[in-house]
Amino acid sequence: QVQLVESGGGLVQAGGSLRLSCAASGTISSLNAMGWYRQAPGKQRELVATITRGGSTNYADSVKGRFTISRDNARDTVYLQMNSLKPEDTGVYYCRFYRILAPGDYWGQGTQVFVSS
């Protein structure tokens, strides 16, 4: 019902920046939230940041002050601006779309981020 396409991952040195994008298509409802999660090698998937259509955000403590999540409602796209990257930020970043007050939870295929020391 909803397809998510992530882009923007890549290789960057510590202290550098990347911007991830995730575009949603399909049966989009107006009341929804989107977010980014990541999975480092050998570790469990964890929340990075989420944002509602109205702009309410929350972040993992590990990325506060360094990452910024935003969205373009007209384009059904969410972004993650990642600054001051650290090697521990390395992992596969997954986009998530979920509906508020309705069923629906969808995930993208993931985009790889590698931060060298």
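Heads up: the structure comes first, above all this text.
Just so it is clear, the model here is predicted, and its values are computed rather than measured.

**Student:** Please clarify how the packing of aromatic side chains should be interpreted in this entry.
**Tutor:** Note on aromatic pairs: each is described by the distance of the centres and the angle between the planes. Inspection of the entire model under this criterion finds two aromatic pairs. Aromatic pair Tyr37 and Trp107: ring centres 4.9 Å apart, planes at 65°, arrangement edge-to-face. One end of the pair, Tyr37, is in strand E4 (residues 32–39); the other, Trp107, is in strand E10 (residues 105–107), with 70 residues separating them in the sequence. With relative accessibility at 10%, the residue Tyr37 sits in the buried group. Given the relative accessible area of 32%, Trp107 is considered partly exposed. A centroid spacing of 6.2 Å and a plane angle of 50° characterise the contact between Phe97 and Tyr106, whose relative ring orientation is tilted. With respect to class, Phe97 is no different from Tyr106; both count as buried. Stacked on the ring of Tyr37, the Lys or Arg Arg45 has its end atom at 5.9 Å from the ring centre. The positively charged end of Arg45 is found above the aromatic ring belonging to Trp107, 3.9 Å away from the centroid.

**Student:** Help me understand the environment of Ser17, please; the structure alone is not making it clear to me.
**Tutor:** With respect to the secondary-structure elements, Ser17 resides in the loop between strand E2 (10–13) and strand E3 (18–26). We classify Ser17 as partly exposed; its relative accessible area is 38%. For Ser17 and Thr50, which are 33 residues apart along the polypeptide, the C-alpha to C-alpha distance reads 19 Å. A polar side-chain atom of Ser17 sits 2.8 Å from a polar atom in the side chain of Asn83.

**Student:** Looking at this model, I keep getting lost on the nonpolar core. Mind explaining?
**Tutor:** Soluble globular proteins tend to bury their nonpolar side chains together. Ranked by size, the top nonpolar core spans 26 residues in total, and within it Leu4, Trp36, Leu80, Met82 and Tyr93 carry the most contacts. Put simply, the parts of the chain that give this core at least two residues each are strand E1 (2–7), E3, E4, strand E5 (46–52), strand E7 (67–72), strand E8 (77–82), strand E9 (91–99) and strand E11 (111–116). Broken down by element, this core gets its largest block of residues, four residues, from E3. Setting aside anything within four residues of it in sequence, one finds Leu4 in contact with Cys22, Ala23, Ala24, Met34, Cys95, Arg96, Phe97, Tyr106, Trp107, Gly108 and Gln109.

**Student:** Explanation requested: the state of the cysteines in the structure shown.
**Tutor:** Should the sulfur atoms of two cysteines be covalently bonded, the bond is a disulfide. Inspection of the entire model under this criterion finds one disulfide. Residue pairing for Cys22: its cysteine sulfur links by disulfide to Cys95, the two sulfurs lying 2.0 Å apart. Linking Cys22 and Cys95, the disulfide has an S-S dihedral of approximately -85° and is accordingly described as left-handed. One end of the pair, Cys22, is in strand E3; the other, Cys95, is in strand E9, with 73 residues separating them in the sequence. Relative accessible area serves as the criterion here: at 0%, Cys95 is assigned to the buried category.

**Student:** Help me understand unusual backbone geometry, please; the structure alone is not making it clear to me.
**Tutor:** Glycine aside, the phi torsion of most residues is negative, and most peptide linkages are trans. Even without being a glycine, Asp76 presents a positive backbone phi close to 50°. Secondary-structure assignment places Asp76 in the loop between E7 and E8. Residue class for Asp76 comes out buried when judged on its relative accessible area of 18%. A positive phi angle is found at Leu101, which is not glycine, with a value near 65°.

Scoring rules and cut-offs
- Residues numbered from 1 in each chain as written.
- Predicted model: local features only at pLDDT ≥ 70, side-chain atom pairs only at ≥ 80, totals over all residues.
- Heavy atoms only, no water.
- Phe/Tyr/Trp six-rings, centres within 6.5 Å; stacked < 30°, edge-to-face > 60°.
- Helix = DSSP H or I, 4+ residues; strand = E, 2+ residues; numbered from the N terminus.
- Buried < 20%, exposed > 50% of the residue type's maximum accessible area, 1.4 Å probe, protein only.
- Lys NZ or Arg CZ within 6 Å of the ring centre and 35° of its normal.
- Polar contact = N/O pair within 3.5 Å; in protein donor to acceptor, adjacent residues only side chain to side chain.
- Core = buried A, V, L, I, M, F, W, Y, C linked by side-chain atoms within 4.5 Å.
- Contact = heavy atoms within 4.5 Å.
- Disulfide = S-S within 2.5 Å.

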